[in-house]
Each structure stands twice: as C-alpha cells, then as structure tokens.
Amino acid sequence: MRHISDSDWDAIVALEAGAYTDDGLSEGRAALQSRAHASPATCFVAEHGNRTAGYLLALPYPMFEYPDLNRAEDVVFHSRNLHLHDLVIAEEFRGRGLAKGLLRHFTGTAGSKGYEAISLVAVSGSDTFWAANGYRAHREVTPPKSYGADAVYMSRAVPGVRGSRTNPAHASSHRAPLEDEVG
C-alpha cells in the first residue's frame, strides 16, 4: 500500500469506471482527483507486481454527510470523521485479501491521524462486506438517488483512538476552502 501519485490516475479512473459505470455511479477523473486532493494522506493504491490492483479514497467529511457524485470537491472539511468514499479492487485481484489489507492500512492511518470515526456510503449491495468489517448502518440517513437505490450510509468508530467517542455522530467539523489546504 502506498499513497497515490500522479502516474496512478489513469489506472484509478479505469478501475472506477469498470466498477461503477454499469450502475450509473461513475464520477470521472476530476471528481476523483478532487477527493484525493482534499486529503492525500488518507488515499492509497494497492499494487500487485507492477500493476495497480486497487485504490482507496477517503477525505474528512461531517458525519451523516457525503460527497455529491455529480461534482468535484471545492471545500475541505476539518472533521474528526473520515469519509471512506471509494474502495475498488480490480476484478482479477479480488479474493486475495487486498481489500481487507487496504482497509487495515487505511484504518491504521485514520487512527494515527486522530480521526474518531469513519463513514461511508455502501453501494451495489456492499453493505454486507462493510458490516462484516465493523460498520453499522444508519437507516435514518438516506443518500441521494445518485448513489443508487440500495445505498446505505454506514459508520464505525476508529479502533484504538484515545478519546474516541462511541457515537460518531458527535464528531465535530467545520469547512475551509480547498485552496487553503494546498501548500
């Protein structure tokens, strides 16, 4: 696992399109890059040999909110909640533990950076995978139709974080323009 570099984007865009185009959930390069730009320290690629086998994009976001799939990020939220926006493993590499390894690496990073909670929107029936990895559904939150009819908002506390709250709904946040984060 390593952080995303500029040379990874063609592979990431291809993986994302392959995973989501049929379901009408593909976002495109600009939106994906904006999410990684908002928090490069919490976005990763998994490699197998010299190939990009998968990726994970996560960015700080207020609890019970989520990125708009139809637009790029223009604000960075200062939040104790980290939103796991996307985790994709190439079809030919599935079943080898890469998703769990990427998730473990990401969760460890979230803890080391002091995040208290991780949220996500499970799409295309993936809520069973996320539930098996400690995420709890929040049925009271209804993601927009752009996430698909079966989308489920889920979250979990970051394990081992000192001062971590058991209810991630209390994670605080505020906004800052994206350009303030660059530098």
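This one's a predicted model, so the numbers in the text were calculated from it and none came from an experiment.

Draft legend 1. Seen up close, the layout of surface pockets. Empty space within the largest pocket amounts to approximately 690 Å³. Taken together, the elements giving at least two residues each to the lining of the largest pocket come down to helix 1 (9–20), strand 5 (81–89), helix 3 (98–112), strand 6 (117–122) and helix 4 (127–132). Among the elements that take part in the lining of the largest pocket, strand 5 stands out by supplying six residues, more than any other. Here the lining of the largest pocket is built from residues that sort into 20 nonpolar, six polar and six charged.

Draft legend 2. Up close: the pattern of salt bridges. The final tally for this structure, using the stated rule, is eight salt bridges. A salt bridge links Asp 10 to Arg 29, with the shortest nitrogen-to-oxygen separation between them at 2.4 Å. Here Asp 10, found in helix 1, pairs with Arg 29, found in helix 2 (residues 29–38); they are 19 residues apart in sequence, far enough to count as distant. Residue classification places Arg 29 among the partly exposed residues on the basis of a relative accessible area of 33%.

Reading the values: rules and limits
Residues numbered from 1 in each chain as written. Predicted model: local features only at pLDDT ≥ 70, side-chain atom pairs only at ≥ 80, totals over all residues. Heavy atoms only, no water. 1 Å grid on protein atoms, 1.4 Å probe; cavity = no way out; pocket = protein on both sides within 12 Å on 5 of 7 lines; lining within 4 Å. Points joined across faces, edges and corners; volume = space filled by probe spheres on them. Helix = DSSP H or I, 4+ residues; strand = E, 2+ residues; numbered from the N terminus. Nonpolar A, V, L, I, M, F, W, Y, C, P; charged D, E, K, R; others polar. Salt bridge = Lys/Arg side-chain N within 4 Å of Asp/Glu carboxyl O. Buried < 20%, exposed > 50% of the residue type's maximum accessible area, 1.4 Å probe, protein only.

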